[in-house]
Amino acid sequence: MTTVVWWVRRDLRLHDNQALAAALTRARELVPLFVLDPALLAGPTSSQRRNAFLFAALRSLDAALRRRGSRLIVRAGRPEQVLPTVVRESGATLVMAEADGSPYARRRDEAVARSVPLQLVEGSTLRPLGSIRAPTGEPYRVYSQFRRAWFRLPIPSPQDILPAPPRLPPVPRLASEPIPESPLAVPERFAPSEDAARQRLQHFLAQGLASYHLRRNALDGSGSSQLSPYFRFGLLSVREAWCAAARYLDEPDAAAGARAWLDELLWREFYQHLLAAWPESARMSMQPEFRDVAWPGSNDALARWQEGRTGFPVVDAAMRQLVSEGWMSNRARMIVASFLSKLLLVDWREGERFFRRELVDGDLAANVGGWQWSAGTGTDAAPYFRIFNPVLQGEQHDPNGSWVRTWLPELANVPREYLFAPWRMPIEVQLRAGCRIGHDYPAPIVEYESARARALEWFRSVRQAQS
Ligand SMILES: Cc1cc2nc3c(=O)[nH]c(=O)nc-3n(C[C@H](O)[C@H](O)[C@H](O)COP(=O)(O)OP(=O)(O)OC[C@H]3O[C@@H](n4cnc5c(N)ncnc54)[C@H](O)[C@@H]3O)c2cc1C
């Protein structure tokens, strides 16, 4: 009788789960195990909101396991202590888990592997981490080169997709702790179950994919899939999503949207590979000239950005959506990240930390990648002189202003022509709109043109100091 522990981490799904499938080829008894790791759940980069999503998703996974004759065993503690205990109690001969390339996960897995037979299986990315390399053997630092190399290799095929097992082997008698209750509610936008993830994918393929390339920048997020929390916790297999979308490449009406969406899955892939190759990029600017600089932005500016009180409606709406829902669109993320790191000159790591605490999809690789790109310190760094103008961004990507008004009720009666720059309202218009600048809504924290000039000057001086 072979007993195998299936150690669930960021793969809370039964469909297309390669670690589970590998475990099932050996197991007469299977122990689906989740470890409540204090380093992740209560550490400095933990997030109450993500915990709420995670705990609810674990309950849903447990229910799905029970429908198949199994159940989730939950234990709290440090994995390097919990795993040997569970292996001993269950008589397991093997532990199988999905590989995770983040720096903490790698250290953790090395520590666990010292005392139990741990086998890691791919599945969190489309291709194994570390497998995409330049002819020199170096990992890629530039997305377009990574993408070209990626497409030279065989792409995932629908035949690879693994169905959810209809039944699962029995679980040996083992104690399990209750899945914790979260003090926070799960954001309504994201029902925390594998079924919900799969339904959302189907809905997006049917309704959103064909127009994705045209609508993906909508600030209200209605033009994108909103699948990121599901990928973050592995409630949906990225390989399965890839294959499902790739089918539309042959449909003339949907091909452009499908191509654009698959490219975004490749950005995810790129950042996962990048972090695995350069774990130090989580804390350090990729571009050497930014490593030892002191960013001049103030704590007060950071606080106003975090609280959505900058006086720039697009920035404030995005930050209030983030704090309220744990999510915002990609375009909103780029605007607020550019605003903090360039117009306010606050160290990108402050923004990265805040995002990671607040985002339901908060993921080290994607977040660090997005922040370094936005701040101009990263790989394919956005040129430092590319600075988003929040007024123009609002005009373009929230044209009727409904998203800004949703998150900033104090601007409800501000005429559309002033909505993205309310400080331009003459005083009588302010009074009529019930929105006095500096009283009902903040005056702008900076004047855009001079802040832009200051940023350009600072970035230039940092680069020159190094050359
Ligand atoms: C400053 C900044 C911080 C970010 N932090 C995170 C984060 O912590 N977690 C996270 O998942 N994404 C992050 N992103 C990437 C991106 O904004 C989100 O993945 C996307 O907005 C999620 O919405 P969606 O699921 O509707 O995406 P879609 O547009 O439908 O894209 C599909 C999937 O592709 C992936 N993806 C899309 N764009 C990117 C990208 N630029 N980089 C990496 N993966 C991408 C996501 O998994 C996403 O769910 C960040 C971007 C920026 C600019």
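You'll find the structure just up there.
Let me begin by describing the structure that accompanies this report. As the structure is a computational prediction, the values presented were derived from the model and not from experiment.

What surrounds the ligand is a group of 28 residues, the closest being Tyr212, Ser224, Ser225, Gln226 and Asn330. Within the contact set of the ligand, a nitrogen atom lies 3.0 Å away from a backbone nitrogen or oxygen of Asp361. Isolated, the ligand exposes 810 Å² of accessible area, and the fraction of that covered by the protein chains is 95%. Mapped onto the shell around the ligand, the elements with two or more residues apiece are α9 (228-232), α11 (255-277), α14 (330-343) and α16 (364-375). The element contributing the most residues to the shell around the ligand is α11, with 6 residues.

Glancing now at helix α1 (residues 18-26). Buried residues of α1: Ala19, Leu20, Ala22 and Ala23, and no others. Down the axis of α1, the sector holding all buried residues measures 160°, keeping them to one side. Where α1 is buried, its residues meet β1 (3-8), β2 (29-36), β4 (94-98) and β5 (118-121). The N-capping residue of α1, defined by a side-chain oxygen 3.1 Å from the backbone nitrogen of Ala19, is Asn17.

What follows is about the nonpolar core. Ranked by size, the top nonpolar core spans 135 residues in total, and within it Trp6, Leu12, Tyr230, Trp261, Trp305, Trp403 and Val404 carry the most contacts. Broken down by element, this core gets its largest block of residues, 10 residues, from α11. Among residues more than four places away in sequence, those in contact with Leu12 are Phe34, Leu54, Ala57, Leu58, Leu61, Glu194, Phe233, Gly234 and Leu235. Core analysis: the second largest hydrophobic core is formed by 18 residues, Ile73, Leu83, Ala97 and Val116 among them.

This part takes up the pattern of salt bridges. Taken as a whole and judged by the stated rule, the model has 24 salt bridges. In this structure, Arg189 engages Glu325 in a salt bridge whose closest nitrogen and oxygen atoms are separated by 2.8 Å. Residue Arg189 is located in the loop between α6 (143-152) and α7 (194-207), and its partner Glu325 is located in helix α13 (residues 313-325); the two are separated by 136 residues in the primary sequence. In this structure, Arg198 engages Glu240 in a salt bridge whose closest nitrogen and oxygen atoms are separated by 2.8 Å. Here Glu240 lies in helix α10 (residues 238-246) and Arg198 lies in helix α7, a separation of 42 residues in the sequence. The structure contains a network of salt bridges with shared partners spanning Arg9, Arg108 and Asp109.

What counts as what
Residues numbered from 1 in each chain as written. Predicted model: local features only at pLDDT ≥ 70, side-chain atom pairs only at ≥ 80, totals over all residues. Heavy atoms only, no water. Near = heavy atom within 4 Å. Polar contact = N/O pair within 3.5 Å; in protein donor to acceptor, adjacent residues only side chain to side chain. Areas by Shrake-Rupley, 256 points an atom, 1.4 Å probe, with all protein chains shown as cover. Helix = DSSP H or I, 4+ residues; strand = E, 2+ residues; numbered from the N terminus. Buried < 20%, exposed > 50% of the residue type's maximum accessible area, 1.4 Å probe, protein only. Arc of directions from axis to C-beta. Contact = heavy atoms within 4.5 Å. Core = buried A, V, L, I, M, F, W, Y, C linked by side-chain atoms within 4.5 Å. Salt bridge = Lys/Arg side-chain N within 4 Å of Asp/Glu carboxyl O.

Keep in mind these numbers describe shape, not what the thing actually does.
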